[in-house]
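Understanding the architecture of this molecule
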Amino acid sequence: MRYDNVMVDRQVGRNAELFSRSIASLDTAEERYPYLRILVSLVEQAHPEWKSMPTKNEQVTDLVVRLSDGQLDEEEVKEVLKMKTKEKKR
């Protein structure tokens, strides 16, 4: 299968792009939330070098939005990252 556009991030891959776009097609934030968590985890695993950077959340958010071709809401992604951080501190 051929695609007209270039992959946004080779480390994350084409499947993550397609996944992000399908997440964006879901109707509500509640429906998108569990899938956004999975997508954020995929990005974090693909970029372990960002873990210790102070701008990690901004970089992950930016990449997730770019993967979805701007279809996902930045604030929703930030909320997922915030919840993941709270859970890690427990």
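Residues numbered from 1 in each chain as written. Predicted model: local features only at pLDDT ≥ 70, side-chain atom pairs only at ≥ 80, totals over all residues. Heavy atoms only, no water.

1. So, the overall build of the protein chain
Counted only if it meets this: What counts as a helix is a DSSP run of H or I of at least four residues, what counts as a strand is a run of E of at least two, and both are numbered from the N terminus. Relative accessibility thresholds used throughout: buried, under 20% of the residue-type maximum; exposed, over 50%; partly exposed, between the two (1.4 Å probe, protein chains only). Note on definitions: a residue-residue contact is assigned when non-hydrogen atoms from the two residues lie within 4.5 Å. Accessible areas in this description were obtained via Shrake-Rupley with a 1.4 Å probe; residue shielding takes into account the shown protein chains only.
Counting its secondary structure elements, the protein chain contains four helices and zero strands. Out of the 90 residues in the protein chain, the part that is buried amounts to 36%. Within the protein chain, contacts between residues at least 6 apart in sequence are counted, and of these 53% link residues at least 24 apart. When the accessible surface of the protein chain is split by element, carbon and sulfur atoms take 50% of a total near 6100 Å².

2. Topic: the pattern of salt bridges
The following threshold applies: Definition used for salt bridges: Asp or Glu carboxyl oxygen within 4 Å of a side-chain nitrogen of Lys or Arg.
What the rule picks out here adds up to ten salt bridges. Measuring nitrogen to oxygen at the nearest pair gives 3.5 Å for the salt bridge that ties Arg14 to Glu17. Within this pair, Arg14 and its partner Glu17 are both found in helix 1 (residues 14-24), separated by three residues, close to a single helical turn. Residue classification places Arg14 among the buried positions, given a relative accessible area of 18%. Owing to a relative accessible area of 0%, Glu17 belongs among the buried residues under this scheme.

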